[in-house]
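What follows is the residue order along each chain.
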Amino acid sequence: MKSSKTRIIIIGGGFAGVSCAKTLRRELAPDEAEIVLFNRENQLVFSPLLAEVVGSSINPLDVIVPLRQLLPKVFCRAEEVKDVHFLASQIEYESEDCRLCHMPYDHLVIACGSSANLHAVPGLADYSFPLKNVADAAALRSQILEKMEKAEVCPDPKRRRWHLTFIVVGGGYTGVEVAGEINDLIRSSARYYRNFSAQDALVRLIHAGDQILPEVSSRLRQFARTKLELRGINVMLRAYVSEILSDGVTLKDGRSIKGGTVVSTIGVSPTPLMEHLKAVKEKGWLVTDPDMRLPGHANAWAIGDCALIVNAYDGRKSPPTDQFGERQGQQCAYNIVRRLKGYGTKPFSYRPIGQLCSIGGHSAVAELYGRALAGFVAWFVWRGVYLFKLPTWTRRFQVGFDWAMLLLFPRDLSHLSNRESERVSHAHYQCGDLIFREGEPRTEFYVIEHGEVEVVRATVEQPSHETVTVLGPGSFFGERSLLSNGLRLSTARARTSVEVLVMGKNTFTQLSPSLGCFRDALAQTLINRAARCQNTEANPNNEKFPGGEGGHSSVSAGIREECDSRRLSPKQLKH
Ligand SMILES: Cc1cc2nc3c(=O)[nH]c(=O)nc-3n(C[C@H](O)[C@H](O)[C@H](O)COP(=O)(O)OP(=O)(O)OC[C@H]3O[C@@H](n4cnc5c(N)ncnc54)[C@H](O)[C@@H]3O)c2cc1C
């Protein structure tokens, strides 16, 4: 039920949504209007400082701000909006008990930002680290520290070098900032490791264009590139990444660049909500009228990264930056208030302040009101601007304190292990890639979505050996991980390009008793495999067995060991 007060719903608690909510609350008294802000998470993410989290310069919690503390007089709901019914002036959202509910509105502001495009390059979703939210930043920081720990104990210099090679794809602001931060983290921390030095580590920045940082003047671009190279970063220009693999990237010209960690800063795509919206769009982004209203809708507006808004100041499309998002949020709020009070709206018009980008090593490049700055002074300005742009005094003190600590103490090298957490994920393997090796601990279960996998008996020194079976789409393998805690008895290798669904052991164990059909299929497979094994024992010369779970399979001595280890264990699944 809608109350008699005007209800304004904002979807998205990022820079644009928050600035809109703040301005509306300032302009409209609580008894005049109810402001409801839906955001998937309960916090605003201050993305300009995410690279600092990656480089361990600041604490992950310092870049997020709880929305309800930031907007005390706004009804903040940590829920996901699923659809908008423009004709009925209602939003559809998923409630805490997973039901679809509706809420009517008088005005709606869509400020749902963008998502990382995980399909820009094959393998990107599976093997690269995106940097879009605080969880991404914390995961990448952990990965870097974990790679340094692995390098410390790795006896093989070539593999050690691989662990210590970090590939950053994309030479825009985010790519440059994150490459600079990773480089600073490794170089300032190498003295705590005895098995490698700073010279053993390499950060590669791969960019498709002629110059990094296309947004700034060519003099600043050149300055940034020279500075990055002086700090040991390898800048590769005119290099198109065509595929991301488990051990590095492949370029369009066929070159293969090896590295243990790939960070992707390329490509954004509209959020899932945007796909549902019946509104005018261009390449998935919401097109707006000059006053930020959706064309043909009197009470629906779009702002921030999700919208294509022409800036009346210079007639150009607004870039996807927090600076523009904030201003659009403010202007949109004023336009809503003007409409509620019966006045005409104003087009979005904003003179941009400029650009700032930190490049590591206490250096930055900046263009402020047409003036170019580079080096330490620009870095100092960069820090000052972002410190004061943080939305609360609590966060300003915390970030300021973290930065002050860095002047006196080294960067923190501890990281939280994710050993206990598990998820279901997708993975992509190229023909010939090893999925797991004989002798490794059993931790995961796999379901083939596309392609073929061969199970071979092998040793680490000689990975290719005799084929035990070949599995195709719909088949699964690795299921013994739920039956025993031993080591893998065989090696699984991609026979073609393969897509698999991967489940951790705990997820699998929780899922199998409750999903009856899944459990039965598993039990049947284990019985079939055990029968094949007995058949082999009874008729050792009969090498070939038709059917099987993957369409065709051949049996060798190797399978006997496989079957032995799971003898009639399907019963275990029934419990
Ligand atoms: C690593 C990084 C560094 C950056 N550095 C800079 C910089 O230095 N300077 C600069 O100006 N810009 C920078 N940007 C860009 C800037 O962060 C964005 O332009 C800005 O965040 C856009 O604000 P927004 O409000 O439109 O979207 P966002 O900040 O992305 O907020 C959108 C919010 O909507 C929520 N949401 C989405 N769909 C739904 C739904 N269906 N239901 C409920 N909630 C939903 C999301 O969870 C999110 O919280 C950076 C971005 C990144 C990723």
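### Let's talk about the overall build of the chain
Within the chain, the secondary structure is distributed over 16 helices and 38 strands. Among the 575 residues that make up the chain, the fraction classed as buried is 50%. Here the analysis covers contacts within the chain between residues at least 6 apart in sequence; of these, 69% occur between residues at least 24 apart. Carbon and sulfur atoms make up 53% of the accessible area of the chain, which totals about 27000 Å².

### So, the sheet that holds strand 12 (residues 165-169)
Judged by pairing direction, the sheet is parallel, and its 5 strands sit side by side in the order 11-18-12-13-14 without closing on themselves. Strands with a single pairing partner mark the edges of an open sheet, and in this sheet they are strand 11 (128-130) and strand 14 (234-236). Averaged over all adjacent pairs, the angle separating strand axes in this sheet is 25°, with direction ignored.

### Quick word on the sheet that holds strand 35 (residues 491-494)
Read from one edge to the other, the open sheet built from 4 strands follows the order 30-35-32-33, with strand pairing classed as antiparallel. Two strands close off the open sheet at either side, each with one partner strand: strand 30 (434-436) and strand 33 (466-471). Put simply, the sheet's adjacent strands are angled 30° from each other on average, direction ignored. In the sheet, strand 30 pairs with strand 35 via 2 bridges, with the strands oriented antiparallel. Among the inter-strand pairings, Leu434 is bridged to a residue of strand 35, identified as Arg493.

### Considering the site of the ligand
In the vicinity of the ligand there are 29 residues, among which Asn39, Glu41, Ser47, Val81 and Asp305 approach most closely. The backbone of Phe15 places a nitrogen or oxygen atom 3.1 Å from an oxygen atom of the ligand. Within the contact set of the ligand, an oxygen atom lies 2.8 Å away from a side-chain nitrogen or oxygen of Asn39. The protein chains hide 89% of the 1000 Å² of surface that the ligand would expose on its own. When contributions to the shell around the ligand are tallied by element, the ones reaching two or more residues are helix 1 (15-27), strand 6 (80-85) and helix 10 (322-340). If you count residues domain by domain, the shell around the ligand takes at least three from each of domain 1 (6-40 + 79-113 + 271-352) and domain 2 (124-267 + 355-408).

### Details of the nonpolar core
The biggest cluster of nonpolar side chains holds 61 residues, and the ones touching the most others in it are Leu49, Val63, Val178 and Ile182. Here Ile182 is in contact with Val54, Ile144, Phe166, Val168, Val203 and Val263, once residues within four sequence places are set aside. With 56 residues, the next largest nonpolar core counts Leu24, Val36, Phe86 and Tyr105 among its residues.

### Quick look at helix 12 (residues 393-408)
Given a rise of 1.5 Å per residue, 16 residues ought to cover 22 Å, and the 23 Å separating the end C-alpha atoms of helix 12 matches this to within 8%. Every buried residue belonging to helix 12 is among Arg395, Arg396, Val399, Asp402 and Trp403, and all of these are buried. When helix 12 is viewed along its axis, its buried side chains cluster within an angular range of 135° and face the same direction. Residues of helix 12 that are exposed and angled more than 90 degrees away from the buried face: Trp393, Phe397, Phe401, Leu407 and Leu408. Among the structural elements, helix 2 (50-54), strand 4 (64-66) and helix 11 (376-389) are those in contact with the buried residues of helix 12.

### Digging into the pattern of salt bridges
On inspection of all chains with the given rule, the structure shows 20 salt bridges. Where Glu52 meets Arg383, a salt bridge forms, and the shortest distance between an N and an O atom there is 3.6 Å. In this pair, Glu52 is assigned in helix 2 and Arg383 in helix 11, connecting sequence segments 331 residues apart. Classification of Glu52 as buried rests on a relative accessible area of 3%.

### Regarding unusual backbone geometry
Backbone geometry at Ser56 places phi at a positive 60°, although glycine is not the residue there. Mapped onto the fold, Ser56 is located in the loop between helix 2 and strand 4. In this structure, Met292 is a non-glycine residue whose phi angle is positive, near 80°. By the secondary structure assignment, Met292 is in the loop between strand 21 (285-287) and strand 22 (300-302).

### Overview of a nonpolar patch on the surface
A surface patch of nonpolar side chains, amounting to about 580 Å² of accessible area, comprises Phe401, Met405, Leu407, Leu408 and Phe409. Its place among the elements puts Leu407 in helix 12. The class for Leu407 is exposed, based on a relative accessible area of 65%.

### Describing helix 8 (residues 218-230)
Here helix 8 is 13 residues long and its end C-alpha atoms lie 18 Å apart, about the 18 Å a rise of 1.5 Å per residue gives. Among the residues of helix 8, those classed as buried are Leu220, Ala224 and Leu228. All buried residues of helix 8 lie within an arc of 70° about the axis, which places them on one face of the element. Exposed positions of helix 8 whose direction lies more than 90 degrees from the buried face are Ser218, Arg219 and Leu230. Where helix 8 is buried, its residues touch helix 7 (173-189), strand 13 (202-206), strand 14, strand 26 (354-360), strand 27 (363-368) and strand 28 (371-375).

### Notes on the packing of aromatic side chains
Taken as a whole, this structure holds 17 aromatic pairs when the rule is applied. The ring of Tyr240 is capped by Lys252, whose NZ or CZ atom sits 5.2 Å from the centre of that ring. Over the aromatic face of Trp393 sits the side chain of Arg396, whose NZ or CZ is 4.5 Å from the ring centroid.

### Observations regarding the packing of helix 5 (residues 134-153) against helix 7
Contact geometry for helix 5 and helix 7: axes closest at 12 Å, N-to-C directions at 35°. Note that helix 5 runs across helix 7; the crossing there is right-handed. Every residue of helix 7 that contacts helix 5 at Leu140, Ile144, Leu145 and Met148 is listed here: Val178, Ile182, Leu185, Ile186 and Ser189. In terms of residue class, the contact of helix 5 with helix 7 is made up of 8 nonpolar, 1 polar and no charged.

What counts and what doesn't
- Residues numbered from 1 in each chain as written.
- Predicted model: local features only at pLDDT ≥ 70, side-chain atom pairs only at ≥ 80, totals over all residues.
- Heavy atoms only, no water.
- Helix = DSSP H or I, 4+ residues; strand = E, 2+ residues; numbered from the N terminus.
- Buried < 20%, exposed > 50% of the residue type's maximum accessible area, 1.4 Å probe, protein only.
- Contact = heavy atoms within 4.5 Å.
- Areas by Shrake-Rupley, 256 points an atom, 1.4 Å probe, with all protein chains shown as cover.
- Pairing = 2+ DSSP bridges.
- Axes fitted to C-alpha atoms, helices over the stretch in contact; angles between N-to-C directions.
- Near = heavy atom within 4 Å.
- Polar contact = N/O pair within 3.5 Å; in protein donor to acceptor, adjacent residues only side chain to side chain.
- Domains from an automatic or database assignment.
- Core = buried A, V, L, I, M, F, W, Y, C linked by side-chain atoms within 4.5 Å.
- Expected span 1.5 Å × (residues − 1).
- Arc of directions from axis to C-beta.
- Salt bridge = Lys/Arg side-chain N within 4 Å of Asp/Glu carboxyl O.
- Patch = residues over 30% accessible without salt bridge, like charges linked within 9 Å, V, L, I, M, F, W, Y side chains within 5 Å.
- Phe/Tyr/Trp six-rings, centres within 6.5 Å; stacked < 30°, edge-to-face > 60°.
- Lys NZ or Arg CZ within 6 Å of the ring centre and 35° of its normal.
- Left-handed = near helix turned anticlockwise from the far one by under 90°.
- Nonpolar A, V, L, I, M, F, W, Y, C, P; charged D, E, K, R; others polar.

Any link to function would need more than the numbers given here.
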